[in-house]
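Each chain, written out:
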Amino acid sequence: MSEFPPAIVGSEQTVQRVGVALTAAGFTPPRLKDLLGSDGALVDAGRRPDALRHAHAGGDLGVLARLFLLADGVSDEELSGLGTLAEDLRCCGLVSQRGGVNVGAATMIPHDDILIASDGPGSDVSDALVPGVQGPSHLLGMLAIRRPVQRALDLGTGNGIQAILLARSSEHVVATDLNPRAIAYARFNAALNGVTNIEFRQGDLFEPVAGERFGLAVANPPYVISPETSFTFRDSVLGGEAISAQVVVGMSDVLEEGGHATVLVSWDASGADPHATPVGWVAGLPVDGVVLSTTIEPARSNAERWTAAHADRDAAFAQWYDYYVANGIEHVGYAAVVMRRRERHGRHRVIAVPPTMASQASDHLLRLLDGQGTTVAEASIVRLAPTTRITEVTEPGPDGWALASAEISLADGLGFRADLDVRGLAVVRSLVSQTAVADLPGDDADEVLGFVRELVELGFVVTG
Ligand SMILES: C[S@@+](CC[C@H](N)C(=O)[O-])C[C@H]1O[C@@H](n2cnc3c(N)ncnc32)[C@H](O)[C@@H]1O
C-alpha cells in the first residue's frame, strides 16, 4: 500500500511552505498549460510523450510537472536544482526514492488557486483510493451555496476540495470521511493551501456530527448505483440509491433554520416520472428543495460509461448491466439536491441543469429558493435580477425592421435561456425598474401574473 499520505511529517508550516513555493515556481494552471500544452490536469497517454519532451526542457517547473503530473523519475541533481523546495518536498513525504530516481508520491494538480494532492491513476491502494478533483467535484463546487456562515459541513471530504472552498466563507468547517486516507489527504491539502479553519473527523455518514447544526453543508457521497465494492469513494456498501436518500434526509437534520445544503445524488429513474424518487426524498422534509436534474441515462450507456476504463471492460460491463437488469433498473438519474431548512414543510420542484452554466450558481440558487418561498400576487412589487439579459433579432421587411425573435437569458448561475413572444418581451422590458405586477402591460391579467411567477421561480425576476 502507498506510503502517502503520511501523517504530516515535520510541521504544517513546512507543508504550507511547499504550497507557496510551488505556486511561486509557476505550478499554476496557465503556466502548466503553456509548458505542457494541457490544462495542468493529468496529461493523457496520447499526449504524454510531447508533454514529457516539453517538461524535460522546462527548467524547475518542468521538474515539478514530471514529479507530480507525469509520473516521471527525476535525478538527484535535477531535484537539488529546486533548492530549499527539494528538502521540503522530501520532508513532507511528497518525493521518495524508487529505482535510483526521485518520484512524486502523489499526484498534484492546481485547480485555479487551490493545489490538490491525491492518489494518481494506477495507485495500488485498493478500496482506499483517494482520487483527485473529478467532474462531480466541479459540479458540486458550482452548485454549492456560498454565503458567510459560522459553521459548515463537508460530508465525505475525500481530498478536501469542498472543505477548502467552504473555508473561504465559513468561520469553521467540519470535514468528515469514512476513509482514514481521505482524512489524511484532506488535512494535508488544507495545510498545502494555508487553510487553518477546518476540523477533520473520521466516521460513518452523520455519526461524527451527531447533534450538531450547520449553516452550510455539502456532500458528494459515493452515490453510484453499482454492483461493485471496489472503491469507498464510489461504491457505497448500502447498495443502490440508499446512500443518496440517507444523505439528503440526514442533511435536513443537521441544518440550522435557514441553512443550506447541496448534495449530489443518483437513483433508479425507471418509472413514468423519472424524478419521482428524489422529489419523494425532499417532499417529506422541513426544507424548500430544488432537484437540479443533470442526467437521466439509459442503464446500458450508464454501465458502459462506468466500466469504460476497466482492465476487462467486457466482463465489467456485463456485471454492471446484468445487475441493472436483475434489479429492474432501466434508467439511472443524476441530480444535485439543493435545500434550505424551514421550520415547516416547504416547497420542492425539479429544474433541469443546462449543459453549460454561466457561473458559480450560489446567487442564482438563492434567488430560486427565495422565489419558491414567496407568493407572487397582483400587488407584489417585482424587478429584474441584474443578470437578466434580452437578446432581440430584427430583420428587414417590407415595412422596415421588424422583430424576428427574442430571447431572455441569465448571465449568471445556471445560465437559463428561453424564447420570448411579443407579449412576454413587453412585460420583461417593463421590469427594468421596480413595478407592481398589476401595472405590467398585457390584456390578460392572469396570464401576466402566471408569466411573472414563472420568471420569479426561475430567478430572472426578484420580488421587493
Ligand atoms: C465521490 S468522493 C467525494 C470527494 C470530495 N468531497 C469531492 O467532492 O471530490 C466520496 C467520499 O465519501 C467518502 N465516503 C464513502 N462512504 C462514506 C460514509 N459512509 N461516510 C462518510 N464518508 C464516506 C469516500 O471515502 C470519499 O472520500
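Rules and cut-offs
Residues numbered from 1 in each chain as written. Predicted model: local features only at pLDDT ≥ 70, side-chain atom pairs only at ≥ 80, totals over all residues. Helix = DSSP H or I, 4+ residues; strand = E, 2+ residues; numbered from the N terminus. Buried ≥ 20, exposed ≤ 12 C-beta atoms within 10 Å, placed from the backbone. Pairing = 2+ DSSP bridges. Axes fitted to C-alpha atoms, helices over the stretch in contact; angles between N-to-C directions. Contact = placed C-beta atoms within 7 Å. Domains from an automatic or database assignment. Nonpolar A, V, L, I, M, F, W, Y, C, P; charged D, E, K, R; others polar.

Asker: What's the story with unusual backbone geometry in this structure? I'm lost.
Answerer: With glycine set apart, most residues show a phi of negative sign, and most peptide bonds adopt trans. At Ala71, a residue that is not glycine, the phi angle is positive and equals roughly 50°. With a phi angle near 50°, Asp112 is a residue other than glycine that sits in the positive phi range. For Asp112, the position within the fold is in the loop between β3 (107-111) and β4 (114-118). For Asp112, a count of 8 C-beta atoms within 10 Å gives the class exposed.

Asker: Can you walk me through the sheet that holds strand β5 (residues 149-155) in this structure?
Answerer: The strands making up a sheet are joined through hydrogen bonds of the backbone, oriented either antiparallel or parallel. Read across the open sheet, the eight strands follow the order β7-β6-β5-β8-β9-β11-β10-β12; overall the sheet is mixed. Of all the strands in the sheet, just β7 (198-202) and β12 (348-352) have a single pairing partner and so form its edges. If you compare each strand with its neighbour and ignore which way they point, the axes differ by 20° on average. In this structure, strand β8 (residues 214-219) lies alongside strand β9 (residues 255-268), joined through five bridges in parallel fashion. Looking across to β9, one finds that Leu216 is bridged to His260. Its contacts with the sheet put helix α12 (residues 299-307) on β10 (287-298) and β11 (331-341), and the angle it makes with β10 is roughly 85°. Helix α14 (residues 362-372) contacts β10 and β11 of the sheet and is inclined by roughly 120° relative to β10.

Asker: Could you clarify how one ought to interpret the domain arrangement of the protein chain in this entry?
Answerer: Accessible area lost when the parts come together is the quantity often used to give the size of an interface. Here the protein chain is described as being made up of domain 1 (12-104), domain 2 (126-358) and domain 3 (381-463). A straight line from the C-alpha centre of domain 1 to that of domain 2 covers 32 Å. Domain 1 puts five residues into the contact, and the matching count from domain 2 is five residues. For the side of domain 1 that touches domain 2, the class distribution of residues is two nonpolar, two polar and one charged.

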